[in-house]
Amino acid sequence: MAGNTFISDDEDEIGVEEEEVDEGPFGDRARDGEYDEDDEDDEGQDEYEKDGFIVDDVEEEEGEEEERADSDKERQKKKKRKKRDSERNYVLDEDDYELLQESNISVPRPKLENKKFKRLKKARRDVEEGSSGFSDEEEFDGNGMGGRTAEEKLKRSLFGDDNGQPLEDIAEEDEQAEEEEDVDMGEEDEMADFIVDEEEVDEHGAPVRGKKPKKSKQRPGISSYALQEAHEIFGDVEDLLRIRKLEVRDTYGETGERSLEDQFDPSVLSDKYMTEKDDRIREIDIPERTQISEESTGQPAIDELSVELEREWIFNQLVGGVVPFMNKRGSAAEDLNEVKSHIARFLELMHGQKLDIPFIAMYRKEEIFSLLQEPDEPEADIQNDPNWRATLKWHKVLWTIHDLDKKWLLLQKRKSALQLYYKKRFEEELRRVYDETRLTLNQQLFESVSKSLKAADSERELDDVDSKFNLHFPPGEVVLDEGQFKRPKRRSQYSICSKAGLWEVANKFGYSSEQFGLQISLEKMRMDELEDAKETPEEMASNFTCAMFETSQAVLKGARHMAAVEISCEPCVRRHVRSIFMENALVSTSPTSDGNVAIDSFHQFAGVKWLRDKPLTRFEDATWLLVQKAEEEKLLQVTIKLPEVVLDKLISDSNDYYLSDGVSRSAQLWNEQRKLILHDAFYNFLLPSMEKEARSFLTTRAKTWLLWQFGKLLWDKVSVAPFQQKENDVNTDEEAAPRVMACCWGPGKPATTFVMLDAAGEILDVLNAPSLSLSNQNVNAQQHKRNDQQRVQKFMMDHQPHVVALGAANLSCTRLKEDIYEIIFKMVEDNPRDVGHDMDNLNIFYGDESLPHLYENSRISVDQLPSQEGIIRRSVALGRCLQNPLAMVATLCGPGREILSWKLHPLENFLTPDEKYGKVEQVMVDITNQVGLDINLASSHEWLFAPLQFISGLGPRKAASLQRSLVRAGAIFTRKDLLTHHGLGKKVFINAVGFLRVRRSGLTSSSTQFIDLLDDTRIHPEFYGLAQELAKDIYREDVNDDVNDDDDMLEMAIEHVREKPQLLRAVDVHEYADQKNRLNRKETLNDIRLELIEGFQDRRRPYVEPSQDDEFYMISGETEETLSEGRIVQATVRRIQPQRAICVLESGLTGMLTKEDCADDWRDINELSDKLHEGDIITCKIKSIQKNRYQVFLTCRENEMRNNRLQNHRSMDPYYHEERSATHTEQEKAHKEKELAKKHLKPRIIVHPRFQNITSDEAVEFLSDKDPGESVICPNAHGPTHLTLTLKIYDGVYANKDIVEGGKEHKDITSLLRIGKTLKIGEDTFEDLDEVMDRYVDQLVAHLKAMLNYRKFRRGTKYEVDELLKIEKSENPMRIVYCFGISHEHPGTFILTYIKGSNPHHDYIGLYPKGFKFRKRMFEDIDRLVAYFQRHIDDPLDSSPSIRSVAAMVPMRSPATGGSSGFGGGCSGSAQVDEWRVGQCMDRDRTSRTGRGEYRNGGGQEGHPSRAPRLYGNRGRLRERGSCGQGRQVGVTKVVMAERFRSALIVEASSVADGVVSNASASSIPPSGSSEKSVAVDKTPFGIQASV
């Protein structure tokens, strides 16, 4: 904000003259130190920018055009003035000022401006001016006083002027005509804060008079940031908005050009309820919620006939079971008639007298008494039960009638609108159609539609009527009256047939759709016998053929379609079919293939996975919402259909009423056509339509049930009384709320925070204890902790809290609670005399932090506690929840509706925000009005005003206005002041006054002014006479003295009975009402008696300390649904002991896994560390839960894990019937394994461009569309100590490589999830992933691409390459042909194929970062390898090693054992490779095998059950999760004789090591008795190098 500016005596005259002179065309006066040329340049620049390229917002405002009329004359005058000012205010050069400053000579130095930043500074001043919300005319008063800054103007508008100028006169200054100037909007927004104008000072440091800020061309407006700044400086922004509205109104008149919406952001006005609509609602003397409701429904009709019709409709809806609790009432005729009369009276009170529901329920009980009784609620014996106490009551029936009333009014509103539209549309059709037959038919249709419209009493039936009307009178393209639009033309099949004249054929089929509907619904007896035409249908149809329908069959098909559509759109037909469908339809569900895998026994959809033939009427809860969601997620298939018996009967009845009884051939042909019509109408139109309606009906019903459940949970949360100390006397007028010390745990940033609240919930003190929760055992940490303990002890000694509220955030809070108790014990032990009586039995209660978290992050908390940190605001909310939970919840029901983020029901996401807030409002209105509001106490403590908006008759707008008035007044001494001094209208006052408590509290606590005792009761002022009469009668009987009716004696009588409540308890209300002839006020008299005993007695249920279960679920963050015995969970191993492993669940709970529960064969395990390692993530099952120790006991035994299919029987639906097949398909198994892999994937905390938190399958999918050589690094199933490198070798060929991490810290899970300090691949060690990519991957890729681009490289499978080479050999029989190819069986290796004679021979080439390994030799490039191959093609082998020395044919690590998850423990053989004799590989041509399947032991990717490539390069890992034996090897050999070469022993060998079949299924391995020969195999990083 700009600083204050003063005007010297010498400048006063100038200031006045400047007021009289209009600004120049750009609103800019000459500045000190600027020459005329600068100003002319500025003007020229601005003129150039106003050429239309830069558009000014102000140009859109009206009235500005006239101000520019005399701009030329004014510009000349302005120039002269600028020149004169420039001569008078001579300015030195910048260098001269610096020399004078160096010489210590003080000279007034005006601020110089750089020309290129002039516009930025102009924009800055414009922002300062605009953010104040006042125009230039308001910156100077009429007396020539100094120019006020925006800050002064705000102060003046909020607090009044020092000279005593009233607020009403602020906006009375004359508006001056000023020229527009160009201000670039973009520069203002982005650069407004870039250059800040400094305040000019004289040689004494005093500010000199500044120049008047120029007029901004932009539309004035105040940003939300500026409003927040103003709020922090001056107070409530709402007063600013209200006063500013008055100023604008006074300045511009009621119809002025500028409105508040032009100056403030709309969201600000909406949040503060300052829009024109809000003003209207505030001013009208009708309850606010009634006004809001009538905006959508319109003014309700209150005549006797309308009320009777609505009463019957509402009664039928209630008794019909729409409200679950209304259909349980007795059906006695007198009871039903009483309910009907009470419904009518309720509607009359609500619409006629404009009374709110809380007022009716409290003060008109006798008139609607049957609606206040719950069906299952026993009648209380108030008179004979001395312990009887009034409790809160949720008026469900009244709110239901209120909602049904709104539905009825909307229904009537729609019916009226449709009636007007139908009449208008019918008249249009009359003008268009000239055919008499058609006109007659249209007239009949219109009368039928009008009759159906009048009889419709639901939205469904209105839709039926509308569907029929639009069918016969489609909104086609019709030329309407002038000024009306043309409706779009609709071309349906029905309209095409109708336009072709087939409606005449359709009418000849027999009964019309209306006649058929009346008969089938039994609304009309059987009509005259249907007479069939003598001619056959085809003969008749031949007369109506045309270009579009060329044959009689086409004509009949079109006519049947028209008849079927008309039947399906007939309201009475639809009503009949609907009633049958809704009563008899059955719902069945079955899982899809994805759902069969995903939905286990603990899944959200487990209870609806297999529903069989469940009737629609049995869906009474939210089950259907789960079914609907599962169907949307493609996990369930849902069918809704009629039973065959019911459907057959429906079709049979329809045939009876639609077909003729004729027996002639013509009649039979016509009946065949009619059967086709009915079949089409039912199966293609009616039944699908009914299924959609059934779905909608089930959704509505389920949402209604869910809304009531949501409301019940909220009711249970809010209907709790504040915490009370046991020794508090609730009958005193002292504030019963305790002093609370609230504590919220913090990890350090923010620190654990203690906040002390007084009895009114205001902050007394704050303490941060960052070291209190430290678990570190070093000396410094312990010293810091002791210091914090001493500070907390002093904090408690100083403030003497009554109770400690500790936020239940996590398990650390349990240790914090122990620390606080330790401090309390130490305090009592060391300083027993200093511990006050208030701290006796000081307890620590856990508090739920869900609501305080919402408050911490809400806008209202920043407004109420603007300078406090988030954790302090959370602590304040935690303490206030103990002191006044109702006010705390109401605080979050403001414009932001933060309360909707409070998770109360697991299914509440199915509800819309408006639906939830409607139920929140109902609950809050009921509770707030039964509790009441102490307005004097709230006037002193703003947060206690939050429930005011829920008081009867009020709402957020009226409540905000009343709150401002009460805060300004400070205190109120009588309820009548609300009507006379605080702006409440008479109707609103009547609704609200009985629930507003006026007593000595707040500022009135020390006042001696008289306060009526009855104002501190729930007794309404209209019943004060009854209360005084009752008190007078009791007083007279007690003292045996006559009492006159003067005010003093009546007050004395009331005081007397309040001091002796036993006199009131002894009164028989029924007998007394009978004596006074007031039996019609018996309930009211009883309420008066109770209020005289104790005014505003708290009806809420007392606060109860959280149970052990409550504490467990609050601290763990779990619920009974998410954590229960038998549930499958994941746990991370933290520490391993000889007989047990200590794990941690995701929620932070400790899991105990004993050795006996580790595996089925636990007896064979010597050490538990052989089975588990620290950091391992295991999947286990919960055996039991110890809630007092926050521990769970786990099991990993396979037989226990498998036995979880039918564990969840808590709420099994009686229609649940599982239909499981004997075996799952392979696809389902693969899907389950894939999902399991995703579930077990533990995301790693690694940041690298090549790393992604995905499974191996997902890595393959990710690389599928990439080029060969692309790679990705992802987590490994071995746990957080391994990574997997996946490299794309070729299309469909992917190789995986283990990366072993080392140097990890094991102090917590976060440390384990970070990347290790060393990375090891085989024997190579790397420091980080960048080095892995540089030294390992990039070199591999370079050699890979060299091979793929080599001239002798051939694409295709091994068989395809062999065939290509055979063709080349046939063309060049004298040459030895060769080529390279990809090994699909062993990703990461290449095949060198060559033909010397007639059969192909194969050598394997390994891929290394250093090059290519061929026959145990390393080659840096391919050319050298080829040269060596050509020279040593016939070299013999060294010797024949034993079969046990043969290495695994496929040293690839498999993905998960037997699965496709990409994780697991498949390993290569354990045998080491001996030195091999280098020889030639002479494989015989195997023409019977193709592709990857040509090796008996190598199935490629297809051969492995997982359908995924195996990992590679893993060196002999002996421990496996499978059940195969360790070290077992099976050799498979085959002897082949060459045809043209010397005899040689050719063998193929494969090895199965450590229970892993080498890239082939186990079934493909021959018995161990097969002949065994050997193949030389070298291990490589990506495969093998083999020679025979």
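An account of the accompanying structure is given in this report. (Residues numbered from 1 in each chain as written. Predicted model: local features only at pLDDT ≥ 70, side-chain atom pairs only at ≥ 80, totals over all residues. Heavy atoms only, no water.)

1. Considerations on the overall build of the protein
Looking only at helices and strands, the protein features 56 helices and 28 strands. Partitioning the intrachain contacts of the protein with sequence separation of at least 6 by distance along the chain shows that 69% fall at a separation of at least 24. Approximately 76,500 Å² of the protein is accessible, and the part contributed by carbon and sulfur atoms is 48%. (Helix = DSSP H or I, 4+ residues; strand = E, 2+ residues; numbered from the N terminus. Contact = heavy atoms within 4.5 Å. Areas by Shrake-Rupley, 256 points an atom, 1.4 Å probe, with all protein chains shown as cover.)

2. Focus on the pairing of strand 13 (residues 1150-1154)
By the bridge criterion, five bridges tie strand 12 (residues 1140-1145) to strand 13 in an arrangement that is antiparallel. Among the inter-strand pairings, R1140 is bridged to a residue of strand 13, identified as T1154. Here strand 12 hands over to strand 13 after four residues, with G1148 in that stretch at a positive phi of 100°. Pairing between strand 13 and strand 15 (residues 1191-1195): four bridges, direction parallel. For L1153, the partnering residue across the bridge sits in strand 15 and is L1194. (Pairing = 2+ DSSP bridges.)

3. A short note on the side chain of Q922
With respect to the element layout, Q922 can be found in helix 37 (residues 913-931). With a relative accessible area of 7%, Q922 lands in the buried category. A polar side-chain atom of Q922 sits 3.2 Å from a polar atom in the side chain of K919. With near-sequence residues (within four places) excluded, Q922 lies in contact with W399 and D403. (Buried < 20%, exposed > 50% of the residue type's maximum accessible area, 1.4 Å probe, protein only. Polar contact = N/O pair within 3.5 Å; in protein donor to acceptor, adjacent residues only side chain to side chain.)

4. Structural notes on the packing of helix 26 (residues 571-584) against helix 30 (residues 665-718)
Two elements in contact, helix 26 and helix 30, have axes separated by 10 Å at closest approach and are oriented at 60°. Compared by their axis directions, helix 26 and helix 30 come out oblique. As for the relative orientation of helix 26 and helix 30, their crossing is right-handed in sense. Contacts between helix 26 and helix 30 involve V573, R574, V577, R578, F581 and M582 from the first element and F682, L686, L687, S689, M690, E691, E693, A694 and F697 from the second. Classifying every residue of the contact of helix 26 with helix 30 gives ten nonpolar, one polar and four charged. (Axes fitted to C-alpha atoms, helices over the stretch in contact; angles between N-to-C directions. Parallel < 35°, antiparallel > 145°, perpendicular 65-115°, else oblique. Left-handed = near helix turned anticlockwise from the far one by under 90°. Nonpolar A, V, L, I, M, F, W, Y, C, P; charged D, E, K, R; others polar.)

5. Observations regarding the sheet that holds strand 3 (residues 636-641)
The three strands lie next to each other as 2-1-3, forming an open sheet whose pairing is antiparallel. Looking along the sheet, the strands with just one partner apiece sit at the ends: strand 2 (614-615) and strand 3. Pairing of strand 1 (residues 586-591) with strand 3, which is carried by six bridges, proceeds in the antiparallel orientation. Its bridge partner being in strand 3, S590 is matched across the sheet by Q637. Its contacts with the sheet place helix 28 (residues 623-632) against strand 1, strand 2 and strand 3, and it is angled at close to 125° to strand 3.

6. Points about the pairing of strand 17 (residues 1282-1290)
Of all nine residues making up strand 17, nine are buried, and the element is well covered by its neighbours. As paired strands, strand 16 (residues 1271-1275) and strand 17 are joined by five bridges and run antiparallel to one another. Considered in strand 17, the bridge of V1272 is made with T1286. If you look at the hairpin formed by strand 16 and strand 17, you'll find six residues sitting between the two strands, and G1279 has a positive phi there, around 115°. Of the pairings in the sheet, the one linking strand 17 to strand 18 (residues 1293-1302) comprises eight bridges and is antiparallel in character. Looking at strand 18, one finds that K1288 is bridged to Y1294.

7. Some remarks on the nonpolar core
Counting 202 residues, the largest nonpolar core has F346, I899 and L978 as the members making the most contacts within it. Top element by residues in this core is helix 30. It accounts for 18 residues. With sequence-adjacent residues up to four places away left out, L978 is seen in contact with I935, L962, L966, I972, G983, L984, F989, V993 and L996. Membership of the second largest hydrophobic core comes to 51 residues, among which are F795, A808, I820 and L1145. (Core = buried A, V, L, I, M, F, W, Y, C linked by side-chain atoms within 4.5 Å.)

8. Re the packing of aromatic side chains
On inspection of all chains with the given rule, the structure shows 31 aromatic pairs. With 5.9 Å between their ring centres and 20° between their planes, F1112 and Y1190 make a pair best called stacked. Taken as a pair, F1112 in helix 47 (residues 1108-1116) and Y1190 in the loop between strand 14 (1177-1186) and strand 15 lie far apart in primary sequence, 78 residues in all. In this structure, F1112 and Y1190 share a single accessibility class: buried. (Phe/Tyr/Trp six-rings, centres within 6.5 Å; stacked < 30°, edge-to-face > 60°.)

9. Structural notes on helix 29 (residues 644-658)
Given a rise of 1.5 Å per residue, 15 residues ought to cover 21 Å, and the 21 Å separating the end C-alpha atoms of helix 29 matches this to within 8%. By the burial criterion, the buried members of helix 29 are L647, L650, I651, S654 and Y658. Angularly, the buried residues of helix 29 cover 95° about the axis, an arc narrow enough to put them on a single face. Within helix 29, the exposed residues directed more than 90 degrees away from the buried face are V645 and K649. Each element contacted by the buried residues of helix 29 is listed here: helix 23 (513-520), helix 25 (552-569), helix 26 and helix 30. (Expected span 1.5 Å × (residues − 1). Arc of directions from axis to C-beta.)

10. Here's the deal with a negative patch on the surface
Negative charge collects at one region of the surface, where E1327, D1328, D1330, D1334 and D1338 lie side by side. Structurally, D1328 can be placed in the loop between strand 20 (1324-1326) and helix 53 (1329-1348). (Patch = residues over 30% accessible without salt bridge, like charges linked within 9 Å, V, L, I, M, F, W, Y side chains within 5 Å. Salt bridge = Lys/Arg side-chain N within 4 Å of Asp/Glu carboxyl O. Lys, Arg positive; Asp, Glu negative; His and termini not counted. Charge placed at Lys NZ, Arg CZ, Asp CG, Glu CD.)

11. Details of the environment of M562
Mapped onto the secondary structure, M562 falls in helix 25. Taking the relative accessible area as the measure of exposure, M562 reaches 0% and is therefore buried. M562 sits 57 residues away from V505 along the chain, and the two C-alpha atoms are 9.3 Å apart. Setting aside chain neighbours within four positions, we find M562 in contact with Y494, C497, S498, L502, W503 and A506.

12. Side note on the sheet that holds strand 25 (residues 1417-1419)
Reading across from one edge, 21-22-23-24-25 is the order of the five strands in this open sheet, with antiparallel pairing throughout. Each having just a single partner strand, strand 21 (1377-1382) and strand 25 make up the two edges of the open sheet. Recorded for the sheet is a direction-independent mean angle of 30° between the axes of neighbouring strands. With six bridges connecting them, strand 21 and strand 22 (residues 1389-1395) associate as antiparallel partners. Within strand 22, the position partnered with C1379 by the bridge is T1393. This element, helix 54 (residues 1358-1371), spans strand 21, strand 22 and strand 23 (1400-1408) of the sheet and lies at about 30° to strand 22. Sheet strands in contact with helix 55 (residues 1422-1431) are strand 21, strand 22, strand 23, strand 24 (1411-1414) and strand 25, and its direction is about 135° off that of strand 21.

13. Let's talk about the packing of helix 13 (residues 276-283) against helix 39 (residues 956-969)
Two elements in contact, helix 13 and helix 39, have axes whose closest approach is 9 Å; the angle formed by their N-to-C orientations is 75°. In this view, helix 13 runs roughly perpendicular relative to helix 39, as classed from their interaxial angle. The residues of helix 39 that touch helix 13, namely those facing D278, I281 and R282, are R957, K958 and S961. Each residue belonging to the contact of helix 13 with helix 39 can be placed in one class, and the counts come to one nonpolar, one polar and four charged.

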